[in-house]
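Chain by chain, the residues:
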Protein chains: 2
Amino acid sequence: MKSLYQKSMSLTVLATSLLCVGAGAAPNDPATLGQIRDSAMKSDWAYERLADLTDLVGPRLSGSVGAAAAVEQVAAAMRKIGATVTLQPVKVPHWVRGAESAELVEYTGRPAGITQKVVLTALGGSGATPAAGLTAPVVIVRSFDELKAKAAQVKGSIVLFDVAFDQEMADRGHAGPAYGHGAGFRFAGPKVAADMGAAAALVRSVGGANYRIAHTGATGVVAENRIPAAAVTAEDAMLMSRLSARGLLKMHLTLTPQTLPDADSYNVIADLPGTDKADEVVIVSGHLDSWDLATGAHDDGTGVAGAMAVIDTLKKLNLKPRRTIRVIAWMNEENGTRGGKAYFDANQDKLDKHFAAIESDSGGGRPFGFIGSVTPPMVKYFAPLKTALEPIGAGIFERHDIAGAADTGPLERAGVPVFEPLVDSSFYFNYHHTPADTLDKVNPLELKRHVAVMTSLTWYLANMDENIGRVPPEQE
Amino acid sequence: MKSLYQKSMSLTVLATSLLCVGAGAAPNDPATLGQIRDSAMKSDWAYERLADLTDLVGPRLSGSVGAAAAVEQVAAAMRKIGATVTLQPVKVPHWVRGAESAELVEYTGRPAGITQKVVLTALGGSGATPAAGLTAPVVIVRSFDELKAKAAQVKGSIVLFDVAFDQEMADRGHAGPAYGHGAGFRFAGPKVAADMGAAAALVRSVGGANYRIAHTGATGVVAENRIPAAAVTAEDAMLMSRLSARGLLKMHLTLTPQTLPDADSYNVIADLPGTDKADEVVIVSGHLDSWDLATGAHDDGTGVAGAMAVIDTLKKLNLKPRRTIRVIAWMNEENGTRGGKAYFDANQDKLDKHFAAIESDSGGGRPFGFIGSVTPPMVKYFAPLKTALEPIGAGIFERHDIAGAADTGPLERAGVPVFEPLVDSSFYFNYHHTPADTLDKVNPLELKRHVAVMTSLTWYLANMDENIGRVPPEQE
Ligand SMILES: [Zn+2]
Ligand SMILES: [Zn+2]
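Residues numbered from 1 in each chain as written. Chains lettered and ligands numbered in written order. Predicted model: local features only at pLDDT ≥ 70, side-chain atom pairs only at ≥ 80, totals over all residues. Heavy atoms only, no water.

Caption draft 1: The arrangement of the coordination of the zinc ion (ligand 1) in detail. Residue and element names in this part refer to chain A. Distances from the zinc ion (ligand 1) to its protein donors, His287 (NE2), Asp299 (OD), Asp361 (OD) and Asp361 (OD), fall at 1.9 to 2.8 Å. Geometry at the zinc ion (ligand 1) is irregular, judged from its 4 donor atoms and the angles of 50 to 146° they form at the metal. Of note, the zinc ion (ligand 1) draws all its donor residues from one chain, in the sequence arrangement H-x11-D-x61-D. Pair noted here: His287 is in strand E11 (residues 277–287) and Asp299 is in helix H10 (residues 297–316), with a separation of 12 residues, a long-range link. In this pair, the class of His287 matches that of Asp299, namely buried. (Donors = N, O, S within 2.8 Å, 3.2 Å for Na, K, Ca; no water. Tetrahedral: all angles 85-135°; square planar, octahedral: opposite > 155°, others 65-115°. Helix = DSSP H or I, 4+ residues; strand = E, 2+ residues; numbered from the N terminus. Buried < 20%, exposed > 50% of the residue type's maximum accessible area, 1.4 Å probe, protein only.)

Caption draft 2: Quick look at the confidence of the model for chain A. Residues and elements named next belong to chain A. When the pLDDT values of chain A are averaged, the result is 93; 93% of them are 70 or greater. Counting interchain partners and residues more than four positions distant, the pLDDT-below-50 stretch residues 1–23 has 26 contacts. Confidence estimates for the predicted assembly give a pTM of 0.93 and an ipTM of 0.92. (pLDDT = per-residue confidence, 0-100. Contact = heavy atoms within 4.5 Å.)

Caption draft 3: Main features of the coordination of the zinc ion (ligand 2). Residues and elements named next belong to chain B. His287 (NE2), Asp299 (OD), Asp361 (OD) and Asp361 (OD) make up the full set of protein donors to the zinc ion (ligand 2), lying at 1.8 to 2.8 Å. The site at the zinc ion (ligand 2) holds 4 donor atoms, and with the angles between them running 50 to 148°, its shape is irregular. Positions of the donor residues of the zinc ion (ligand 2) along the chain correspond to the pattern H-x11-D-x61-D. Taken as a pair, Asp299 in helix H10 (residues 297–316) and Asp361 in the loop between strand E13 (354–359) and strand E14 (367–372) lie far apart in primary sequence, 62 residues in all.

Caption draft 4: Here's a closer look at empty space enclosed by the protein. In total, this model carries 13 cavities of 30 Å³ or more according to the counting rule given. Approximately 80 Å³ is the volume found for the largest cavity. Along its surface, the largest cavity is lined by Gln116, Lys117, Arg212, Glu235, Asp236, Leu239 and Arg242 of chain A together with Asp55, Thr295, Thr438, Leu439 and Asp440 of chain B. Across the lining of the largest cavity, the residue classes tally to 2 nonpolar, 3 polar and 7 charged. In this structure, the second largest cavity encloses a volume near 70 Å³. For the second largest cavity, the full set of lining residues is Thr54, Asp55, Thr295, Thr438, Leu439 and Asp440 of chain A together with Arg212, Glu235, Asp236, Leu239 and Arg242 of chain B. Among the secondary structure elements, those contributing two or more residues to the lining of the second largest cavity are helix H3 (45–57) of chain A together with helix H9 (234–246) of chain B. In terms of residues, the lining of the second largest cavity owes the most to one element, H9 of chain B, which gives 4 residues. Looking at the lining of the second largest cavity residue by residue, the class counts come to 2 nonpolar, 3 polar and 6 charged. (1 Å grid on protein atoms, 1.4 Å probe; cavity = no way out; pocket = protein on both sides within 12 Å on 5 of 7 lines; lining within 4 Å. Points joined across faces, edges and corners; volume = space filled by probe spheres on them. Nonpolar A, V, L, I, M, F, W, Y, C, P; charged D, E, K, R; others polar.)

Caption draft 5: Focus on the domain arrangement of chain A. Residues and elements named next belong to chain A. Domain boundaries assigned for chain A yield domain 1 (2–94 + 262–475) and domain 2 (98–256). Using C-alpha coordinates to define each centre, domain 1 is positioned 36 Å away from domain 2. Each side of the interface is counted separately: domain 1 has 13 residues, and domain 2 has 19 residues. Of the roughly 1100 Å² buried between domain 1 and domain 2, counting both surfaces, carbon and sulfur atoms make up 68%. Here domain 1 and domain 2 share 0 salt bridges between them. (Domains from an automatic or database assignment. Buried area = accessible area lost by both parts, 1.4 Å probe. Salt bridge = Lys/Arg side-chain N within 4 Å of Asp/Glu carboxyl O.)

Caption draft 6: Highlighting the pairing of strand E15 (residues 396–399) of chain B. Pairing between E14 of chain B and E15 of chain B: 4 bridges, direction parallel. Bridge pairing in E15 of chain B places Phe370 of chain B opposite Phe397 of chain B. (Pairing = 2+ DSSP bridges.)

Caption draft 7: Spotlight on the interface of chain B and chain A. Contacts between the two partners involve 41 residues from chain B, matched on the other side by 41 residues from chain A. Its largest share of buried area at the contact with chain A, chain B owes to Asp55, Leu56 and Tyr211 of chain B, together 26% of the area lost on that side. Counting every contact that joins chain B to chain A gives 6 salt bridges. Here Glu235 of chain A makes a salt bridge to Lys441 of chain B, at a shortest N to O gap of 2.6 Å. Our count for the chain B to chain A interface comes out at 18 residue pairs in polar contact (both at pLDDT 80 or more). Elements represented by at least two residues in the side of chain B that touches chain A include exactly helix H3 (45–57), helix H4 (65–80), H9 and helix H14 (428–431) of chain B. Across the side of chain B that touches chain A, the residue classes tally to 22 nonpolar, 11 polar and 8 charged. (Polar contact = N/O pair within 3.5 Å; in protein donor to acceptor, adjacent residues only side chain to side chain.)

Caption draft 8: Main features of the sheet that holds strand E2 (residues 100–107) of chain B. Pairing is mixed across the open sheet formed by 8 strands, whose spatial order is E3-E2-E9-E5-E6-E7-E8-E4 (chain B). With partners counted over all chains shown, the strands left at the sheet margins are strand E3 (116–118) and strand E4 (120–122) of chain B, one partner each. Neighbouring strand axes in the sheet, compared pairwise and without regard to direction, differ in orientation by 30° on average. Where E2 of chain B lies against E3 of chain B, 3 bridges are found, and the strand directions are antiparallel. Residue pairing across strands places Leu104 of chain B opposite Gln116 of chain B, the latter belonging to E3 of chain B. Relative to the sheet, H3 of chain A contacts E2 and E3 of chain B, its axis offset from that of E3 of chain B by approximately 75°. (Axes fitted to C-alpha atoms, helices over the stretch in contact; angles between N-to-C directions.)

Caption draft 9: Representation of the pattern of salt bridges in the model. Applying the stated criterion across every chain, the model contains 52 salt bridges over all chains. The residue Arg37 of chain A makes a salt bridge to Asp38 of chain A at a minimum N-O spacing of 2.9 Å. The exposure class assigned to Arg37 of chain A is buried, which follows from its relative accessible area of 13%. The partner of Asp52 of chain A in a salt bridge is Arg49 of chain A, and the shortest N-O contact between them spans 3.0 Å. Residue Asp52 of chain A and its partner Arg49 of chain A are both found in helix H3; the two are separated by 3 residues, about one turn of the helix. The exposure class assigned to Asp52 of chain A is buried, which follows from its relative accessible area of 17%. By relative accessible area, Arg49 of chain A is classed as buried at 17%. A network of salt bridges, in which partner residues are shared, links Glu48, Arg49 and Asp52 of chain A together with Arg246 of chain B.

Caption draft 10: The arrangement of the sheet that holds strand E6 (residues 158–161) of chain A in detail. Residues and elements named next belong to chain A. Strand order in the open sheet made by the 8 strands is E3-E2-E9-E5-E6-E7-E8-E4, with mixed pairing throughout. Each edge of the open sheet carries a strand with a single partner, namely strand E3 (116–118) and strand E4 (120–122). When the angles between neighbouring strand axes are averaged without regard to direction, this sheet yields 30°. One ladder, built from 4 bridges, connects strand E5 (residues 134–141) with strand E9 (residues 249–255); its direction is antiparallel. Residue pairing across strands places Ala136 opposite Met251, the latter belonging to E9.

Caption draft 11: Focus on helix H15 (residues 444–463) of chain B. Its 20 residues give H15 of chain B an end-to-end C-alpha distance of 28 Å, which sits within 8% of 28 Å, the value for a rise of 1.5 Å per residue. With 17 of 20 residues buried, H15 of chain B is to be regarded as a mostly interior element. (Expected span 1.5 Å × (residues − 1).)

Caption draft 12: Spatial organisation of the packing of aromatic side chains. This model, assessed by the stated rule, comprises 31 aromatic pairs over all chains. Ring geometry for Phe144 of chain A versus Phe161 of chain A: centroids 5.6 Å apart, planes at 55°, classification tilted. Of this pair, Phe144 of chain A sits in helix H5 (residues 144–149) while Phe161 of chain A sits in strand E6, and the two are 17 residues apart along the sequence. Classification of Phe144 of chain A by relative accessible area gives partly exposed; the value is 25%. For Phe161 of chain A, a relative accessible area of 1% puts it in the buried group. These aromatic residues form a ring-pair network of at least three members: Tyr211, Phe427 and Tyr431 of chain A together with Tyr211, Phe427 and Tyr431 of chain B. In this arrangement the basic side chain of Arg323 of chain B is found over the ring face of Phe355 of chain B, its NZ or CZ atom lying 3.6 Å from the centre. (Phe/Tyr/Trp six-rings, centres within 6.5 Å; stacked < 30°, edge-to-face > 60°. Lys NZ or Arg CZ within 6 Å of the ring centre and 35° of its normal.)

Printed below as a string of structure tokens:
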């Protein structure tokens, strides 16, 4: 295998250099890769797009005016730099936050007239209390086993899943799994509690940095029993646990979100057409929707701006890729991933023409390289790319069986190799899905590194001679 | 001076050991001081009081139901351990937060239908907008000079003082001055803006740790022109500055606090009577009121609980001080310092009997020792106390001309030496006056150290032979 691939590579490097338009050298040669990296490191274009998106549009939850404005803004910016823009229609869930407040109205030791405020925020897709709220005892659990054991109490109560976010795990470089553990309770917990007859369900916010801010996110309650569900801050979860340990605890809870009919929205698709392999596609993407509490600067403004800047960087260098580079700003990653599904459905007959897909959705922390779901023998073909990214400290290629980004999930499950920047996410879940995910949290220098990684990786994939192939089904 | 004092000390140490009730040794001997320190380090009593205060009562702004419940709770706890409790009436300002919201409704580049939310919180003592809010252009300034230069624009506008908190200064150990700088704008800015005809005034939150939480605090607008005033989060101040740099910026602002007639409240005073010098008093204190956004765990729950625990610690050891130890939980430090003034007014004829006063109001961070406003020659008489606190890393005595705590300010200005624990306040202003100042932020071990310092210092002062005297007026 090895010698065969090496031979094939050196032959096509020669062939490609003859075909190559613009650069005058083999597209993936060190000089071109270095030029891309250095150009990205000098440009403010991505940060300017991120500022436009977060400062001018702001929050952009699926179905909102902000989401529609974001679609227009990104499409206009990509048209302006000469990309071929298509808006792909996507029907999205349309959930709208309402009033949200909660007070602990009864507890052992409570002085007359006192109630304690609980800071919370409704979870996407959750149901509403009556407009005047509901009052019920609080049952606190730390596992699904404990929930089952307390079934008799759960009926008619407000259940709190008091599961702390594992910041130490995040600090050790496993922010994703730490988040996944908590997010499991957030997504599945309210549905399970609803099935057991709970009046409402609360989860402890999934994320670090306790400054009494609630972390929202999607929950899995279904239309047939859409109970109210919210994330309380870590502080308030701890308060409730302490008060519950003193005796009875009752809460008055008001949450009035609305679930409206599905709305019309779009994936923004911007192509930089390829040359001799124009029918093949390399996707580079982030998701355009954000939660409604903040301006979604890290989640996923940096992903979208980073993907947009791939075409800008290449255009400025007058570099033309062999394969078509397709920037996608996905709609509805946060509460439905309808954009990813719509794209997959529309491209079922062209899956073999999807050479690879990149999605950036772990925030704009310092990039150390990239991950990708290729088979082990493919790893060696990325050596020149790693070398090119070494000077900015981003030369690591970590192979994964599954990369796991949400919007590119259907493509990946169908065998398309998926790549993501490998970034420091240790602080990402401090801001993620909170009101604090704002532009000031994004370090402009890291965003430049991010663009350098995204552009270099996209370019490299778009010009590779090797067929990095499908991920074998047994690895799915 | 030196030899005279030393002689007088050794003579009275002898005399005192004969008088001393309970301990069987000179009250300030190393064994007794060590016993106090070690006992404090083993006790959860202060933490339990802090939990009662924050979990059961919660926020306790002057005039609120919480403040009244806090008075009752602290008085009951002190009676329970055998202290002589007096409630000293204090008329306090009664300001009540109302609705608060703000949106940026016009700015260059704004997509149709979009407004950007600004997170803010009204400042104590500020006025109200109409119930439906007001809309006005925003004028951003970074100094009073800039405000004056923009006088023509200020009239009818919303002024934002966008002055960032100097976290580096706080990290270098100068949290107080860093806070003081910002708090100056918060207190004086809105009044100056009001005098210039501003429709409302905003300040950038004074404090660190940007998680989109607003830091409230008192402002100095006066009844004659009580304009609306609020603190915006650091993030929102930055957003407004960026948008303002793009062109016009208009805000719709709704703030509906009420300034009610002064309310009846109390300083809680709990005495542990002295023995042979019972007519002399050593005050140890914290302030009982807190802002309304959180449960005031650090500000100033730790100060109050720490002061309360002085009597508990001594009672448990059956130690009787020569001078009367007076625990005071002051009312209304945050927006009027009426408690401190009321105490001073009521004790004008007994000032010479106030040997010293301790106030703890810099949060429950790690204590390194204590500060005190004695004259330089007095410093040496604290050597045994420093030695006793060395084993818990709290052996530093930093002499100041003015200690500067708020409630003991009138006493200090009249010449009473004032002491405070010397603590790590680098993180204090992350939580101070925000919704995040909650019990979980207090490290129980640091609170034990805090009690050890407070009790040792109080005991030491209550039994000193030396007259540490008045602070000379020229040092005021
Ligand atoms: Zn995301
Ligand atoms: Zn305070």
